[in-house]
Amino acid sequence: DDPHTSTILLFLETIRKADLFAAAARRAFAAGKPVVCCMVGQSEYGRAMASSHTGAMTGPFDATEAFLRSHGVVLVDQVGTLLEMVPFIAGRKPLQRARVAALTGTGGSAATVVDRLGRLGVEVVPPSPQVIETLKSRGITISDALLTDTTMGASRTGMYNGVLSALLESDHCDIVVPVIGSNAQFDPEGAVKRVLLANPQGGKPVAVFIAPEAPEAHALLLKAGVASFRTPETCADAIRAMSQ
């Protein structure tokens, strides 16, 4: 009922009153407020600890998972994801598809995200022929590789922003992952500006991964309403949660 609340985050050990929980979750969904949950008890050990700590009975996690999903609750595996994904999901409805396009100026860090997405069963797609042709007409040449690498330094020429804009405009992907490298530590405003100029606050979800850690860049993106992640695991976890 709070007009200032746009997203509801839950850390759960058990669900004691399933009917009340279901009704509340459906009210939140109807109000356009995503409910994101990280739950203890996905393993036998976790269930035993939750039971001993709360005094409540716990059952197989797959049953709990099915119950939560059936009432519109988004499930994440990591507490870090819970805290970082708010701008990624706030105000959004479930996706019909979740094809991910990724671009970077630092190949190694981006590869860790793409690899993680693959391990989680998320579909990662290369630039479509139309995107390649569109960019070529704008003086930007990219390949059809799964990960679009603009190479270090090219972002200063507008290539990074140009590719990001084209991916956001294209209908061949549903989520875009821009990866920012170490320049976010030395020039946070410049690094973030290259992302914001593409207007990532519009249309499709955008998940920015920054490596290595760059607190000022994260803060600037958060202020602009753009989700940014500190590890490949939380970034991929958020995208997997959105895809399901």
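See the structure above.
Rules of the game
- Sequence order as written defines the numbering, with residues in each chain counted from 1.
- pLDDT decides what is reported in this predicted model: residues at 70 or higher carry local features, side-chain atom pairs at 80 or more are listed and counted, and totals for whole chains, interfaces and linings draw on all residues regardless.
- The basis for every side-chain value is the complete set of non-hydrogen atoms in the structure, without hydrogens or water.
- Only protein chains enter the accessibility calculation, which uses a 1.4 Å probe; a residue whose area is less than 20% of its type maximum is buried, one above 50% is exposed, and one in between is partly exposed.
- The numbering of helices and of strands both runs from the N terminus, where a helix is a DSSP run of H or I of at least 4 residues and a strand a run of E of at least 2.
- Only when DSSP finds a minimum of two bridges between them are two strands counted as paired.
- A right-handed crossover is one whose linking path, passing over the helix from the first strand to the second, runs clockwise when the strands point away from the viewer.
- Contacts between residues were defined by any pair of non-hydrogen atoms, one from each residue, lying within 4.5 Å.
- Each patch is built from salt-bridge-free residues with over 30% relative accessible area, joining like charges within 9 Å and nonpolar side chains (Val, Leu, Ile, Met, Phe, Trp, Tyr) within 5 Å.
- Surface accessibility in these figures is a Shrake-Rupley result with a 1.4 Å probe; residues are shielded only by whichever protein chains are displayed.
- A side-chain nitrogen of Lys or Arg and a carboxyl oxygen of Asp or Glu constitute a salt bridge if their distance falls within 4 Å.
- Here the nonpolar core consists of buried residues drawn from Ala, Val, Leu, Ile, Met, Phe, Trp, Tyr and Cys, with membership extended through side-chain atoms lying within 4.5 Å.
- Think of each axis as a best-fit line through the C-alpha atoms, taken over the contacting stretch in the case of a helix, with angles from 0 to 180 degrees between the N-to-C directions.

Chemist: I'd love a proper account of the pairing of strand β2 (residues 35–39), names of residues and values included.
Modeler: Counting buried residues along β2, five of its five residues qualify, which places the element largely inside the surrounding structure. Because side chains alternate across β2, one face comprises the buried residues Val 35, Cys 37 and Met 39, and the other comprises Val 36 and Cys 38, equally buried. Note: strand β1 (residues 8–12) against β2, five bridges, orientation parallel. In the strand pairing of β2, Phe 11 is matched with Cys 38. The parallel pair β1 and β2, bridged by helix α1 (residues 18–30), forms a crossover whose chirality is right-handed. Pairing of β2 with strand β3 (residues 73–76), which is carried by four bridges, proceeds in the parallel orientation. Paired with Cys 37 across the two strands is Leu 75, which belongs to β3.

Chemist: Tell me about the side chain of Glu 84, and name the residues and values.
Modeler: Locating Glu 84 in the fold gives a position in helix α4 (residues 79–84). For Glu 84, a relative accessible area of 13% translates into the label buried. Those residues in contact with Glu 84 that lie beyond four places of it in its chain are Ala 227, Ser 228, Phe 229, Arg 230 and Thr 234.

Chemist: Describe a nonpolar patch on the surface, with residues and values.
Modeler: There is a patch of nonpolar side chains on the surface, built from Leu 9, Phe 11, Val 79 and Leu 83 and spanning about 380 Å² of accessible area. Among the elements of the structure, β1 and α4 are those that each provide at least two residues to the nonpolar patch. When you line up the elements, Val 79 lands in helix α4.

Chemist: Any details on the nonpolar core? Residues and values, ideally.
Modeler: Phe 88 and Ile 239 are the most contacted members of the largest nonpolar core, which totals 32 residues. Ranked by residues supplied to this core, first place goes to helix α12 (residues 232–243) with six residues. Residues in contact with Ile 239, not counting those within four places in the same chain, are Phe 88, Val 100, Leu 117, Val 122, Ile 175, Val 177 and Ala 207. Within the second largest apolar cluster, 30 residues are counted, among which are Ala 101, Val 131, Val 163 and Ile 210.

Chemist: With reference to specific residues and values, describe the sheet that holds strand β5 (residues 147–149).
Modeler: Taken in spatial order, the five strands make up an open sheet running β5-β4-β6-β7-β8, and their pairing is parallel. Sheet topology places β5 and β8 (227–229) at the edges, where each strand pairs with a single neighbour. The sheet shows a mean angle of 25 degrees between the axes of neighbouring strands, taken without regard to direction. Sheet topology places strand β6 (residues 175–180) next to strand β7 (residues 207–210); two bridges connect them, and they run parallel. From the neighbouring strand, Ile 180 faces β7, where its bridge partner is Ile 210. Its contacts with the sheet put helix α8 (residues 159–169) on β4 (100–104), β5 and β6, and the angle it makes with β6 is roughly 165 degrees.

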